[in-house]
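As a plain string of letters, each chain reads:
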Amino acid sequence: MTGTSQSLLQAALGAAVPLWVARIQGELEDGRTSPDILLLRARALSQFLAEHGDDVLYRSKRAGGSSRAFNCLAEGLAIGAVLAPGGVPDFLGDRWVAYAHAGGWEFEELLK
């Protein structure tokens, strides 16, 4: 991946992942989902990305293919940020983590 492609992907994820984190946290808080369901979702997302991950970097021949692959990546990072202890430790040099606390949730993107 070139430096420009990586920078653009990091910027896009920097906008999308916090939105997914907020959605997931809302669904957890009001009972529309559970950690077990999110883990199943993460497994499905990882399978899709294994098959179509190139669509994140290169334009897909299928209509909407690149946006679907990007959103699968962003949602997967968000699930990891919410559920994994310590978040997602290193993806493109960034660490993604969401903390639960008495006042709600706090999302943090830690750059190296």
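Being a predicted model, the structure only gives us computed values, none of them experimental.

**Observations regarding the nonpolar core**
One broad trend across soluble globular proteins is that nonpolar side chains are buried collectively.
Then comes step 1: Leu13, Val17, Val21, Leu77 and Trp96 are the most contacted members of the largest nonpolar core, which has 23 residues in total.
Then comes step 2: When residues of this core are traced back to their parent elements, those giving at least two are α1 (3-29), α2 (35-52), α4 (65-83) and β2 (94-101).
Then comes step 3: Residues in contact with leucine 77, not counting those within four places in the same chain, are Leu13, Val17, Val88, Phe91 and Trp96.

**Some thoughts on the environment of proline 89**
Then comes step 1: With respect to the element layout, proline 89 can be found in strand β1 (residues 88-91).
Then comes step 2: Classification of proline 89 by relative accessible area gives exposed; the value is 58%.
Then comes step 3: Sequence-distant contacts of proline 89, defined by excluding residues within four places in its chain, comprise Asp94 and Arg95.

**What to know about the confidence of the model for the chain**
Interpreting fine coordinate detail is not advised for predicted regions of low pLDDT.
Then comes step 1: Chain-level statistics for the chain give a pLDDT mean of 86 and a share of 88% at 70 or above.
Then comes step 2: Within the chain, strand β3 (residues 104-111) has the poorest average pLDDT of any element, 54, and α2 the best, 96.

**Considering α1**
Then comes step 1: Here α1 contains 27 residues, and its C-alpha end-to-end distance of 38 Å stays within 8% of the 39 Å for a straight helix at 1.5 Å per residue.
Then comes step 2: Along α1, the sharpest change in direction is near 25 degrees and occurs at glycine 14; proline proline 18 comes one to four residues later.
Then comes step 3: Listed as buried for α1 are Leu9, Leu13, Ala16, Val17, Trp20, Val21, Ile24, Gln25 and Glu27.
Then comes step 4: Downstream of α1 by one or two residues, glycine 31 has phi in the positive range, about 80 degrees.

**Side note on the pattern of salt bridges**
Then comes step 1: All told, the structure shown has 4 salt bridges when counted by the stated rule.
Then comes step 2: In this structure, glutamate 27 engages arginine 23 in a salt bridge whose closest nitrogen and oxygen atoms are separated by 3.2 Å. Highlighted residues: glutamate 27 and arginine 23, both in helix α1, separated by 4 residues, approximately one helical turn.
Then comes step 3: In this structure arginine 23 comes out as partly exposed when scored by relative accessible area, which is 49%.
Then comes step 4: The closest approach of N and O atoms between arginine 62 and aspartate 55, which form a salt bridge, is 2.8 Å.

About the cut-offs
Residues numbered from 1 in each chain as written. Predicted model: local features only at pLDDT ≥ 70, side-chain atom pairs only at ≥ 80, totals over all residues. Heavy atoms only, no water. Core = buried A, V, L, I, M, F, W, Y, C linked by side-chain atoms within 4.5 Å. Buried < 20%, exposed > 50% of the residue type's maximum accessible area, 1.4 Å probe, protein only. Helix = DSSP H or I, 4+ residues; strand = E, 2+ residues; numbered from the N terminus. Contact = heavy atoms within 4.5 Å. pLDDT = per-residue confidence, 0-100. Expected span 1.5 Å × (residues − 1). Bend = angle between axes of the 7 residues up to and from the residue. Salt bridge = Lys/Arg side-chain N within 4 Å of Asp/Glu carboxyl O.

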